[in-house]
Amino acid sequence: MIFIFLSILVITIAVVTFFYTAPQIGASPSGERLARMKNASNYEYPIFINTIETKMEMPKGTLWKVLKHYLFENKKEKNPRVPIHVREFDNKHFENIADDSTAFVWFGHSSILIRTDGVTLLTDPVLVGKRASMFAFMGPKRFDYRHYPKIEDLPKIDAVLLSHDHYDHLDYPTIKGLKEKVDRFLVPLGVGAHLEKWGITPEQITELNWWDEVDLNSLKLALTPSRHFSGRGLRDRFHTLWGSWVIMSSSTKLYFSGDSGYFPGFKEIGEKYGPFDLTFMECGAYNEGWSEIHMFPEETAQAHQDVNGKLLLPIHWGKFDLSLHPWQESVERLAKKADEIDIQLFTPEIGQTVSIADRKKLSSWWKDYK
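Nothing here was measured: the structure is a model prediction, and the numbers come from that model.

Attention now goes to the packing of aromatic side chains. Considering all chains together, one arrives at 26 aromatic pairs under this definition. Judged by centre distance (6.5 Å) and plane angle (85°), the ring pair of Phe 48 and Trp 242 falls under edge-to-face. Within this pair, whereas Phe 48 is found in strand S2 (residues 47–48), its partner Trp 242 is found in the loop between strand S10 (219–224) and strand S11 (244–248), the two being separated by 194 residues in sequence. Residues Phe 48 and Trp 242 agree in their burial class; the two are buried. Ring geometry for Phe 89 and Phe 94: centres 5.5 Å apart, planes at 55°, overall tilted. For the pair formed by Phe 89 and Phe 94, the shared burial category is buried. An aromatic cluster of at least three residues, connected via ring pairs, comprises Tyr 43, Tyr 45, Phe 48, Trp 210, Phe 229, Phe 238 and Trp 242.

Following this line, the structure appears as C-alpha cells:
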C-alpha cells in the first residue's frame, strides 16, 4: 500500500513539475500585458470569449470514438501511403520576386511564406517540431515528407504572423530557430508571453486585439476575429486571444483564417476589408464532436464566399492527423463543393513557390499518395 502511494506521489510530482518547467508550454500573461488584456471588450477575466456562443465540450460518445480510433483502429487511410514529395525551397528565386507582385510558399498545414510589396511574412510557422504536441514522444506526428523545409534556407523575414498558441500553429523549436531571422512578431493579445519566455525581445513583439491594425513597411495588417480557442497547458484554455489576419499591400488583399468554426464574423470581415484576391482558409481536422471550432469543407467554401474571396487556397491539412477523417478527404470534399458553386480553388504542392497568376498550372497532386 505504501509503495502504491509513493508511486502515485512521485508520478504526480513529476507531472506537476513538467507543466511548470517545460519551456515549450510557454508562459502565462502577467503585469502590463495582463492589464492590456483586461481592457479588451472581448475579455472576461480570466478568459477571452468568442463573438457567439461556442460549445467546447466533446460528447462522451465522440470522445470514445476518438480514443478507440487512435488506440485500436487501422489508420491506413489517415496518412499518405508513401512520403509526400515536397519541393525544395529556392531562396534566390523567392527573393528575386518583383516588389509589385505577390508570391508565396505553402509548407503544409498553416505555415505560409508570403512575399508582397517586397515584404516577407511567415504565418504560424511549424517547421522544426515533429509533433503537434507538448511532448516529444507522443501526440500527432507530422506526415512523412521526402524533404522538410529548413529554417536556414529561409530568407530574412519582416514579420511572423501568429493566429493563436496551439501547438500545430506555435512551435517552440521553430520560434527558437527563427529568432535571428525575424524582425517582428505580430500576435494576438497574450501570446507574446510565450515568445518572451523563449528569448524574443519585447521590442520585437506587437500584440493586437480583434480589429486592431498595424502598418508594416508598405503593408497594412489587421487581426480579425475567428471562432476558436487557445491554450498550451492543462489550465490555460482561452487565456490568450486567437484570430485571423488581413494582409493588404498596394496591389493585393490576402486573408488568412487561422483556425475557426463557421460563424457570422466572416461576413463582417468581408464587408470591412474585402474583396480578397486570395484566401488561405482552414480546411481539415473537422468532426461533428467539435463542429463549432473547426469548419467542414463545405463551410470552408461558404466562409470564402462570405469574406468575398476570389481564389481559395485550403490550409490546415497535409501535415498532421488531427481528426478521424482520411488525410486527403478535406481537400477532395472542398474541391467538389468548389466545383458546384464555381469557386476557383488553388492547390499548390507543398514547398512550391507560386503566384496568383500560376493557378492554372496546378493539379490534384494529393491523389498520387492515396
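For helix H7 (residues 265–273), the set of buried residues is Gly 265, Phe 266, Ile 269, Gly 270 and Tyr 273. One side of H7 carries all its buried residues, which in axial view fall inside an arc of 140°. Where the residues of H7 are buried, they touch strand S9 (213–216), S10, S11, strand S12 (253–256), strand S13 (276–282) and helix H8 (297–306).

So, on to the sheet that holds strand S4 (residues 112–116). Across the sheet, seven strands lie side by side as S8-S7-S6-S5-S4-S3-S16; this open sheet has mixed pairing. The two strands at the open ends of the sheet, each matched to only one other strand, are strand S8 (205–208) and strand S16 (353–355). The sheet shows a mean angle of 20° between the axes of neighbouring strands, taken without regard to direction. Sheet topology places strand S3 (residues 102–106) next to S4; five bridges connect them, and they run antiparallel. Within S4, the residue paired with Thr 102 across the bridge is Thr 116.

Here we take up the environment of Leu 186. Mapped onto the elements, Leu 186 comes out in strand S7 (residues 182–188). Overall, Leu 186 belongs to the buried group, its relative accessible area being 0%. Note: C-alpha distance between Leu 186 and Cys 283 (97 residues apart in sequence) is 23 Å. Leave out the neighbours within four places in its chain, and Leu 186 touches Ala 159, Val 160, Leu 161, Leu 162, Thr 206, Leu 208, Val 214, Leu 221 and Trp 245.

The predicted coordinates ought not to be read in detail in places where the model reports low pLDDT. Of the residues in the chain, 92% have a pLDDT of 70 or more, and the chain-wide mean is 92. No element of the chain has a lower mean pLDDT than helix H1 (residues 2–21), at 59, and none a higher one than S11, at 99.

Orientation of H8 relative to helix H9 (residues 329–341), taken along the N-to-C sense of each, is 50°, at an axis distance of 8 Å. It follows from the interaxial angle that H8 and H9 lie oblique. Relative to H9, the crossing made by H8 is right-handed. Only Ser 330, Arg 333, Leu 334, Lys 337 and Ile 341 of H9 make contact with H8, whose side of the interface consists of Pro 297, Glu 298, Thr 300, Ala 301 and Gln 305. Residues belonging to the contact of H8 with H9 are distributed by class as follows: four nonpolar, three polar and three charged.

About the criteria used
- Residues numbered from 1 in each chain as written.
- Predicted model: local features only at pLDDT ≥ 70, side-chain atom pairs only at ≥ 80, totals over all residues.
- Heavy atoms only, no water.
- Phe/Tyr/Trp six-rings, centres within 6.5 Å; stacked < 30°, edge-to-face > 60°.
- Helix = DSSP H or I, 4+ residues; strand = E, 2+ residues; numbered from the N terminus.
- Buried < 20%, exposed > 50% of the residue type's maximum accessible area, 1.4 Å probe, protein only.
- Arc of directions from axis to C-beta.
- Contact = heavy atoms within 4.5 Å.
- Pairing = 2+ DSSP bridges.
- Axes fitted to C-alpha atoms, helices over the stretch in contact; angles between N-to-C directions.
- pLDDT = per-residue confidence, 0-100.
- Parallel < 35°, antiparallel > 145°, perpendicular 65-115°, else oblique.
- Left-handed = near helix turned anticlockwise from the far one by under 90°.
- Nonpolar A, V, L, I, M, F, W, Y, C, P; charged D, E, K, R; others polar.

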